[in-house]
Amino acid sequence: MNKRTIAVLGATGSIGTQALDLVRRYPEQFEASCLVAHSSAEKLFSLVREFRPRVAALAVEPESLPEDVRFCEWIFGEDCAVRALEAAKPMDALCAIVGIAGLDAVWTALDVCERVLLANKEALVTGGRLVMEKAARLGRPMLPVDSEHSAIFQCLQARQGNPVRRLILTASGGALRTWPAEAIRTATVRDVLAHPTWRMGGKITVDCATMLNKGLEVIEAHHLFAMPPEKIDVVVHPQSVIHSMIEFEDGAVLAQMARPDMRGPIGYAMAYPSRLPYGAEPLDFAQLGKLTFEAPDTGRFPSLAMAYAALRTGGSAPVALNGANETAVAAFLREEIPFGRISEVIEETLNLCPVRGIAGIGDVHAADAQSRAIAEKIIRRRSC
Ligand code: NDP
Ligand code: MG
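As the structure is a prediction and not an experimental result, all values here were calculated from the model.

Asks: Looking at this structure, how should I read a nonpolar patch on the surface?
Replies: Nonpolar side chains collect at one region of the surface, where Met-257, Phe-285 and Leu-288 lie side by side and expose about 260 Å² of accessible area between them. For Leu-288, the location among the structural elements is in helix α12 (residues 285–288).

Asks: Honestly, the sheet that holds strand β11 (residues 253–257) in this entry has me stumped. Any pointers?
Replies: As a general point, the strands of a sheet are linked pairwise by backbone hydrogen bonds and lie either parallel or antiparallel. Within the open sheet, the four strands sit side by side as β9-β8-β10-β11. Their pairing is mixed. Across the chains shown, the open sheet's two edge strands, defined by having one partner strand only, are β9 (232–236) and β11. Averaged over all pairs of adjacent strands, the angle between their axes in this sheet comes to 20°, without regard to strand direction. Both strand β8 (residues 164–171) and strand β10 (residues 242–248) contribute to a ladder of five bridges, which runs antiparallel.

Asks: Explain the site of ligand 1 to me, please; I cannot follow it from the model alone.
Replies: The local shell around ligand 1 holds 26 residues, among which Thr-12, Ser-39, Ser-40, Glu-122 and Gly-201 are the closest. In this structure, an oxygen atom belonging to ligand 1 sits 2.6 Å away from a side-chain N or O atom of Thr-12. Put simply, the parts of the chain that give the shell around ligand 1 at least two residues each are α1 (14–25), β2 (30–37) and α5 (121–138). Classifying every residue of the shell around ligand 1 gives 13 nonpolar, nine polar and four charged.

Asks: I would appreciate a short explanation of the coordination of the magnesium ion (ligand 2) in the present structure.
Replies: The reference angle at a metal is 109.5 degrees if four donors form a tetrahedron and 90 or 180 degrees if six donors form an octahedron. Summarising the metal site, the magnesium ion (ligand 2) is bound by the protein donors Asp-146 (OD), Glu-148 (OE) and Glu-217 (OE), whose distances to it range over 2.1 to 2.2 Å. Read N to C, the donor residues that coordinate the magnesium ion (ligand 2) are spaced as D-x1-E-x68-E. In this pair, Glu-148 is assigned in helix α6 (residues 147–156) and Glu-217 in helix α10 (residues 212–225), connecting sequence segments 69 residues apart. On the basis of relative accessible area, Glu-148 is assigned to the buried category, the value being 7%. Judged by its relative accessible area of 1%, Glu-217 is buried.

Asks: Which parts of the structure should I look at to understand the sheet that holds strand β5 (residues 92–95)?
Replies: Strand order in the open sheet formed by seven strands is β4-β3-β2-β1-β5-β6-β7, and the pairing between neighbours is parallel. Strands with a single pairing partner mark the edges of an open sheet, and in this sheet they are β4 (73–76) and β7 (142–144). On average, each strand axis in the sheet is inclined to that of its neighbour by 20°, with strand direction left out of account. Looking at chain direction, strand β6 (residues 115–118) and β7 are connected through three bridges and run parallel. Considered in β7, the bridge of Val-116 is made with Met-142. The strands touched by helix α2 (residues 41–51) within the sheet are β2, β3 (55–58) and β4, with β2 carrying the most contacts at an inclination of about 165°.

Asks: What's the story with the environment of Arg-129 in this structure? I'm lost.
Replies: Along the chain, Arg-129 falls in helix α5. For the pair formed by Arg-129 and Gly-360, sequence separation is 231 residues and the distance between their alpha carbons is 9.8 Å. Discounting residues that sit within four places of it in the chain, Arg-129 has contacts with His-223 and Ile-358. Looking at Arg-129, its side chain comes within polar contact range of the main-chain oxygen of Ile-358, at 2.5 Å.

Asks: I'm lost on the packing of aromatic side chains in this one. Help?
Replies: A ring pair, where both rings are aromatic, is described by two values, the distance of the centres and the angle of the planes. This model, assessed by the stated rule, comprises six aromatic pairs. Taking 5.8 Å as the distance between ring centres and 75° as the angle between the ring planes, the aromatic pair formed by Phe-45 and Trp-74 counts as edge-to-face. With Phe-45 in helix α2 and Trp-74 in strand β4, this residue pair connects regions lying 29 residues apart in the sequence. Taking relative accessible area as the criterion, Phe-45 reaches 1% and is therefore assigned buried. Using a relative accessible area of 13% as the deciding quantity, one classes Trp-74 as buried. Ring centres 5.2 Å apart and planes at 50° place the aromatic pair Phe-153 and Tyr-272 in the tilted group. Taken as a pair, Phe-153 in helix α6 and Tyr-272 in the loop between α11 (263–271) and α12 lie far apart in primary sequence, 119 residues in all. Among the residues examined, Phe-153 registers a relative accessible area of 16% and is labelled buried. With relative accessibility at 26%, the residue Tyr-272 sits in the partly exposed group. Feature note: the residues Phe-45, Trp-74 and Phe-76 constitute an aromatic cluster, connected by ring pairs. Lying over the aromatic face of Phe-71, Arg-52 brings its terminal NZ or CZ to 3.8 Å of the ring centre.

Asks: What exactly am I supposed to notice about the side chain of Glu-247 here?
Replies: As for its position among the elements, Glu-247 is in strand β10. By relative accessible area, which is 8% here, Glu-247 ends up buried.

Parameters at a glance
Residues numbered from 1 in each chain as written. Chains lettered and ligands numbered in written order. Predicted model: local features only at pLDDT ≥ 70, side-chain atom pairs only at ≥ 80, totals over all residues. Heavy atoms only, no water. Patch = residues over 30% accessible without salt bridge, like charges linked within 9 Å, V, L, I, M, F, W, Y side chains within 5 Å. Areas by Shrake-Rupley, 256 points an atom, 1.4 Å probe, with all protein chains shown as cover. Salt bridge = Lys/Arg side-chain N within 4 Å of Asp/Glu carboxyl O. Helix = DSSP H or I, 4+ residues; strand = E, 2+ residues; numbered from the N terminus. Pairing = 2+ DSSP bridges. Axes fitted to C-alpha atoms, helices over the stretch in contact; angles between N-to-C directions. Near = heavy atom within 4 Å. Polar contact = N/O pair within 3.5 Å; in protein donor to acceptor, adjacent residues only side chain to side chain. Nonpolar A, V, L, I, M, F, W, Y, C, P; charged D, E, K, R; others polar. Donors = N, O, S within 2.8 Å, 3.2 Å for Na, K, Ca; no water. Buried < 20%, exposed > 50% of the residue type's maximum accessible area, 1.4 Å probe, protein only. Contact = heavy atoms within 4.5 Å. Phe/Tyr/Trp six-rings, centres within 6.5 Å; stacked < 30°, edge-to-face > 60°. Lys NZ or Arg CZ within 6 Å of the ring centre and 35° of its normal.

What follows is the structure, encoded as structure tokens:
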């Protein structure tokens, strides 16, 4: 079997380390030829020692490079992911940088690689139409890593040309699902990071608690599967066993189920169309007993509706939504604003941001910068 070379962008993160666990288990199938991170130098050094990539990169240059990691080419700077892809030219790019910071790397991966394995949902939320058009033009498969989108992608294998009536994204409901509105307003960083079913990076865990994560995923699904917003529904499913569903015109619904373990969807994208066993535990239905569902509570969690509205508005609105959210979530994680302010900052930013057309990636970055500047001002005005 020929090995696939893979770049792991965001190698030190939650998705990146789980992907590297699969590379470690299947060395005859994968070679991690390029590893990229932001500033976790020590962590990246130990990954470089283990996986021996051709190229390694950090956005923040460390003070010095240990002797035993100098065998590979090193790239530093904010655009290091783009330059690392160009230098390593891997077959696949696992795009798992968090936030719009990963957009340019997704854009370059489409030029350089045979396939893009996409975890970085913010790249599609902000640059979705442009990215999907480029992928189609160049004939590059975009393989979803986000568990909901992987589930839909897996269900779609059974479509056989039939139209899909509806996509149904499941949501865990996040750490505050059962909390009363007043308590949600003042939830601490610690409360919010205690996700009931998934262990993930800090930013996405906060997004799960506001439920904006599901809003970002609705926009992601819209782009990946060319579905209009009115054909994408969300249902809260606290057990995180059904990862999402598709509905056909005869009312038949297909669901993809598995224990909540991201190595499933990551492995499916890496080995597609094969499946990696990776020691996955079987689902014990008798022990599970029941699977439950409830409608999202848009009163306590207003962000999901804001994401639908931004998607319907189009143009730069989803970029502004994302920029405001990234700014507000970072402020919350620094304990500068209470949890309840996150959705207010997004709403106030969207009200102040003019909606512009998006013709190129430059327009995306301009709209993002504007939205961040407005969100920062809103945050500072209130916290003075
Ligand atoms: P983490 O915060 O755990 O990891 C982020 C990774 O990106 C780290 O390796 C970080 O490096 C790196 N990084 C951040 N900014 C830059 C930059 N400017 N240049 C280069 N590298 C950078 O995030 P997750 O792994 O949780 O999430 C990654 C993406 O996958 C997100 O878009 C998220 O929404 C999506 N996703 C994650 C899931 C999960 O289970 N975690 C599930 C579904 C989607 P450093 O360590 O140095 O900061
Ligand atoms: Mg998801």
